[in-house]
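Overview (structure and organization)
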Amino acid sequence: MAKCDCVSLSTDDWSTFKELNKSWICINCNKELRTTRTDFTTASPSIAKPVTSNKEITSLNDVLHAIQMNTTALNAFIENQKAQNADIIKSLDECHACIKENTSSVTSLQTKVDSLLAQVDYLTNEKKILESKVSELHFTVELLKQAYRSKTVEIHNIPTTQGENVVELLNKIGTALDVDVSEVDVVCRTRPTATTFDPPRLPPIIVTFLRQSTKGQSHS
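In this report, we go over the structure that sits alongside the text. Bear in mind the structure is a predicted one, so any value in this text is a computation, not a measurement.

1. Focus on the overall build of the protein
Per the secondary structure count, the protein includes six helices and three strands. Reading the secondary structure of the protein in the N-to-C direction produces α-α-α-α-β-α-β-β-α. For the protein, buried positions account for 13% of its 220 residues. For the protein, the proportion of contacts with a sequence separation of at least 24, taken over those separated by at least 6, is 50%. Accessible surface for the protein amounts to roughly 18,600 Å². Of this, 59% is attributable to carbon and sulfur atoms.

2. Considering the pattern of salt bridges
Evaluation of the coordinates by the stated rule reveals two salt bridges. Lys82 is the salt-bridge partner of Glu79, the closest N and O atoms lying 3.9 Å from each other. One end of the pair is Glu79 and the other is Lys82, both in helix 4 (residues 54-150) and three residues apart, which spans about a single turn. Between Glu131 and Lys127 there is a salt bridge, with its nearest N and O atoms 2.3 Å apart. Pair noted here: Glu131 and Lys127 are both in helix 4, with a separation of four residues, about one helical turn. By relative accessible area, Glu131 is classed as partly exposed at 43%. Accessibility expressed as a relative area gives 49% for Lys127, which makes it partly exposed.

3. What about the nonpolar core?
The biggest cluster of nonpolar side chains holds nine residues, and these are Val153, Ile155, Ile158, Val166, Leu170, Ile173, Ile205, Val207 and Phe209. Listing elements by their share of this core, those giving two or more residues are strand 1 (152-155), helix 5 (166-177) and strand 3 (205-209). Once you skip the residues sitting within four places of it in the chain, Ile155 turns out to touch Leu170, Ile173, Pro204, Ile205 and Val207.

4. Structural notes on the pairing of strand 3
The buried count for strand 3 comes to five of five residues, which makes it a mostly enclosed element. The side-chain alternation of strand 3 yields two buried faces, one formed by Ile205, Val207 and Phe209 and the other by Ile206 and Thr208. The pairing of strand 1 with strand 3 spans four bridges and is classified as antiparallel. Each bridged residue has a counterpart across the sheet, and for Ile155 the counterpart in strand 3 is Ile205.

5. Re the environment of Leu170
With respect to the helices, strands and loops of the structure, Leu170 is situated in helix 5. For Leu170, a relative accessible area of 3% puts it in the buried group. As for Leu170 and Ile205, which are separated by 35 residues in sequence, their C-alpha atoms are 8.3 Å apart.

6. What to know about helix 5
Helical geometry: 3.6 residues make up each α-helical turn, so side chains three or four residues apart lie on a common side. Taking 1.5 Å per residue as the helical rise, helix 5 with its twelve residues ought to reach 16 Å, and the 16 Å between its terminal C-alpha atoms agrees with that figure. For helix 5, every residue scored as buried is listed here: Val166, Leu170, Ile173 and Gly174. Seen end-on, helix 5 carries its buried residues on one side only, within an arc spanning 100°. Away from its buried face, by an angle of more than 90 degrees, helix 5 presents the exposed residues Lys172, Thr175 and Ala176. Phi turns positive, to about 60°, at Asp178, one or two residues after helix 5.

7. Thoughts on a nonpolar patch on the surface
On the surface, a nonpolar cluster with roughly 270 Å² of combined accessible area is contributed by Val63, Leu64 and Ile67. Inspection of the secondary structure assignment puts Ile67 in helix 4. Looking at Ile67, the relative accessible area reads 47%, which means it is partly exposed.

The rules we used
Counting restarts for each chain: residues are numbered from 1 in the order of the written sequence. Restriction of local features to residues with pLDDT of at least 70 applies here, the model being predicted, together with a cutoff of 80 or more for giving and counting side-chain atom pairs; totals for whole chains, interfaces and linings are based on all residues. Side-chain metrics rest on all non-hydrogen atoms present in the structure, leaving aside hydrogens and water. Secondary structure elements follow DSSP: runs of H or I no shorter than four residues count as helices, runs of E no shorter than two count as strands, and numbering proceeds from the N terminus. Buried residues are those whose accessible area, probed at 1.4 Å on protein chains only, stays under 20% of the maximum for their type, while exposed residues exceed 50% and partly exposed ones sit between those limits. Throughout, a residue-residue contact means that at least one pair of heavy atoms, one from each residue, lies within 4.5 Å. For accessible areas, the Shrake-Rupley method is used with a probe of radius 1.4 Å. Any residue's cover is judged against the shown protein chains and nothing else. Every case where a carboxyl oxygen of Asp or Glu lies within 4 Å of a side-chain nitrogen of Lys or Arg is listed as a salt bridge. To define a nonpolar core, start from buried Ala, Val, Leu, Ile, Met, Phe, Trp, Tyr and Cys residues and group those joined through side-chain atoms within 4.5 Å. Two strands qualify as a pair provided that DSSP identifies no fewer than 2 bridges between them. Here a helix's expected span is defined as the number of its residues, less one, multiplied by 1.5 Å. This arc is built from the directions going out from the helix axis to the C-beta atoms. The residues that make up patches have over 30% relative accessible area and no salt bridge, and they are joined within 9 Å when like-charged or within 5 Å when they are Val, Leu, Ile, Met, Phe, Trp or Tyr.

All quantities given are derived from atomic positions and should not be read as evidence of function.
What follows is the structure, encoded as structure tokens:
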């Protein structure tokens, strides 16, 4: 719709617009139309629709029941979590007590280990000292052996007789060699038992003199 006077339309133009279902409103008329609509149009407040249907009441009851079930499940979950937390705290306390006990045991064992290590060091030093003394004793024994051998004579190939007297036999040998083998010069005289060699060898007469010079006379 339009005002022909505002837009200077003829009657034929107006008929054409009407047949085409077209309308034209000028700016001033459009402003007047907006003002009129604003003045007479009021916002209608929303009115809550009362629930009267049994189906809607049943749906609300189902929702409330679901909320109650979820609340119960949530409370049970919370209580379960509290119990689990209490168990975890108890386990942590037990672990802490075990760690404290193990730490005390480790400290005690470390003290014992340190004591044993100190004893090992002491015994190691004692072992070194004893090894040094043993080495000195071996050296001394070797010197004594050499000194003993330097005064010892082995007389071989002397036939053995039943009930022989080694002292008399040695005196005869000394007389034959023109060597004084008196009791003063002889420290030890002996003849070992016969060997088990095949054929058996005659055991030597072993004589140890008091002085090395006496042995030298027997070899001259």
